[in-house]
Amino acid sequence: MHAASATQPAAAGRRWRPALALVLNALIWGTSWWAFRQLHEQAGLHPLWTTAGIYLMAVVVIAGSRPAAAKQVLRTPALWLIMLASGTTNATFNWGVTVGDVVRVVLLFYLMPLWAVVLARVMLHEALTRAALLRVAMALAGAAIVLWPQPGHPMGPLQLTDALGLIGGFSFALNNVMLRRESQRSESSRALAMFFGGTVVSAALAMAIGGPQVPLPTVLAPGWLVFAVLLGGLFLLSNMALQYGAARLPANATAVIMLTEVVFASGSALALGAGTLTPALALGGALIIGAAVLAALRP
């Protein structure tokens, strides 16, 4: 009796740890906008340069501790596409939530089910089922409601931050499809490709735009430098938590838990005045998140 009762809590603890690891990953990502915004507004560091810098720290750590991963990345063209997709994801998402309405950008970013259906059809030759078409319809309806101009505001060109959210979501869907296709690669090589992509794409975009929009970084004060290093450490921790949790839970459970990022991002943004929640945005967001939940729960 005593042995059985002692074993059950231990087993329950083992089941909860991966879920908590995924929640930790979502918490770090969902609230990272605040750190990027502080570095942008207080230290004058554009989010593209911040992304390039903190991801470079992760590249150094992974390449130094797993030299075989660097060799695999260099000789595997498929990992180069993961680099590009992940780099675009991080550059656009971090930029968008730093300068835009966090709630709006995060919801547009989570149009991933729409892009995932298209990309899975093209790249993985998955069938277009009725359930997939339903997810596409829900995501499109949600996006239309979110992007539809409010009363008194005529329809105009797509705002920069809206475009960043949309591009980030598409790139993230491409990244996830490629990770599924290249699942036989080592975790360290895939992680290195993603972090290296974040460094290269962000730095390339920053240099290409340049000028007053993306000024060159200046030397940070010691306090801000420590802040940036800690932020880089948190992103490394989040990556480790993601890999730990995703390797021990079913893919659909992982996808559902990862949606808590929307809760953390929206909740923190609304609490700190970095986002607004109108009835239209709430309705559109419910459709988008509903499509994401359906995608996560599919067999």
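A quick note: this is a predicted structure, and the numbers were derived from the prediction, not measured.

Rules used in this analysis
Residues numbered from 1 in each chain as written. Predicted model: local features only at pLDDT ≥ 70, side-chain atom pairs only at ≥ 80, totals over all residues. Heavy atoms only, no water. Buried < 20%, exposed > 50% of the residue type's maximum accessible area, 1.4 Å probe, protein only. Helix = DSSP H or I, 4+ residues; strand = E, 2+ residues; numbered from the N terminus. Polar contact = N/O pair within 3.5 Å; in protein donor to acceptor, adjacent residues only side chain to side chain. Phe/Tyr/Trp six-rings, centres within 6.5 Å; stacked < 30°, edge-to-face > 60°. 1 Å grid on protein atoms, 1.4 Å probe; cavity = no way out; pocket = protein on both sides within 12 Å on 5 of 7 lines; lining within 4 Å. Points joined across faces, edges and corners; volume = space filled by probe spheres on them. Nonpolar A, V, L, I, M, F, W, Y, C, P; charged D, E, K, R; others polar. Axes fitted to C-alpha atoms, helices over the stretch in contact; angles between N-to-C directions. Parallel < 35°, antiparallel > 145°, perpendicular 65-115°, else oblique. Left-handed = near helix turned anticlockwise from the far one by under 90°. Contact = heavy atoms within 4.5 Å. Core = buried A, V, L, I, M, F, W, Y, C linked by side-chain atoms within 4.5 Å. Salt bridge = Lys/Arg side-chain N within 4 Å of Asp/Glu carboxyl O.

### What about helix α5 (residues 102–109)?
Since the α-helix advances by 3.6 residues per turn, residues separated by three or four positions end up pointing in the same direction. Burial of α5 is extensive: seven of the eight residues sit out of reach of the surface. The set of residues buried in α5 consists of V102, V103, V105, V106, L107, L108 and F109. Backbone nitrogen of V103 and a side-chain oxygen of the N-cap are separated by 3.1 Å at the start of α5; the cap is D101.

### Focus: the packing of aromatic side chains
Scanning the model with the defined rule gives eleven aromatic pairs in all. Relative to F170, the ring of W115 lies with its centre 5.6 Å away and its plane at 80 degrees, an arrangement referred to as edge-to-face. Residue W115 is found in helix α6 (residues 112–123), and its partner F170 is found in helix α8 (residues 160–181); the two are separated by 55 residues along the sequence. Here W115 falls in the partly exposed class, since its relative accessible area comes to 23%. On the basis of an interplanar angle of 80 degrees and a centroid distance of 5.5 Å, the ring pair of W224 and F227 is categorised as edge-to-face. Taken together, the positions of W224 and F227, both in helix α10 (residues 222–246) and three residues apart, correspond to about one turn of that helix. A relative accessible area of 23% means that F227 is categorised as partly exposed.

### Observations regarding empty space enclosed by the protein
Under the criterion given, the structure shown has one cavity of 30 Å³ or more. Its volume calculated, the largest cavity comes out at about 30 Å³. Mapped by element, the contributors of at least two residues to the lining of the largest cavity are α1 (2–41), α4 (77–99), α5 and α12 (260–271). Per-element accounting of the lining of the largest cavity gives the leading share, four residues, to α1. The residue inventory of the lining of the largest cavity, partitioned by class, reads seven nonpolar, two polar and one charged.

### Looking at the packing of α5 against helix α13 (residues 279–297)
Across the interface, α5 lies against α13 with an axial gap of 9 Å and an inter-helix angle of 30 degrees. Classified by the angle their axes make, α5 and α13 are roughly parallel. Like other packed secondary-structure pairs, α5 and α13 cross with a definite hand, here left-handed. Contacts from V103, R104 and L107 of α5 reach α13 at L281, G285, I288 and I289.

### Digging into the side chain of T51
Mapped onto the elements, T51 comes out in helix α2 (residues 47–65). Reaching out from T51, the side chain makes a polar contact with the backbone oxygen of P47 at a distance of 2.8 Å. When near neighbours in sequence (up to four residues on either side) are disregarded, T51 contacts F36, N90, N94, G198 and S202.

### Details of the nonpolar core
In globular proteins that are soluble, nonpolar side chains generally tend to be buried together. Counting residues in hydrophobic clusters, the biggest one holds 76 residues, and the most contacted among them are V102, V106 and Y110. If one sorts the elements of this core by residue count, α4 sits on top with nine residues. Those residues within four positions of V106 in sequence are excluded, and the remaining contacts are F93, V97, V262 and A265. Counting residues in each nonpolar core, the second largest holds five residues, with A19, L249, I257 and M258 among its members.

### Section: the pattern of salt bridges
If you walk through the whole model with that rule in mind, you get three salt bridges. Residue E182 pairs with R181 through a salt bridge whose shortest N-O separation is 3.6 Å. Residue classification places E182 among the buried residues on the basis of a relative accessible area of 6%. Each of R181, E182 and R185 takes part in a single network of salt bridges with overlapping partners.

### Notes on the environment of G100
You can see G100 is positioned in the loop between α4 and α5. Along the chain, G100 and L160 lie 60 residues apart, while their C-alpha atoms are 8.5 Å from each other. Not counting chain neighbours up to four residues away, the residues in contact with G100 comprise R37, T161 and A274.

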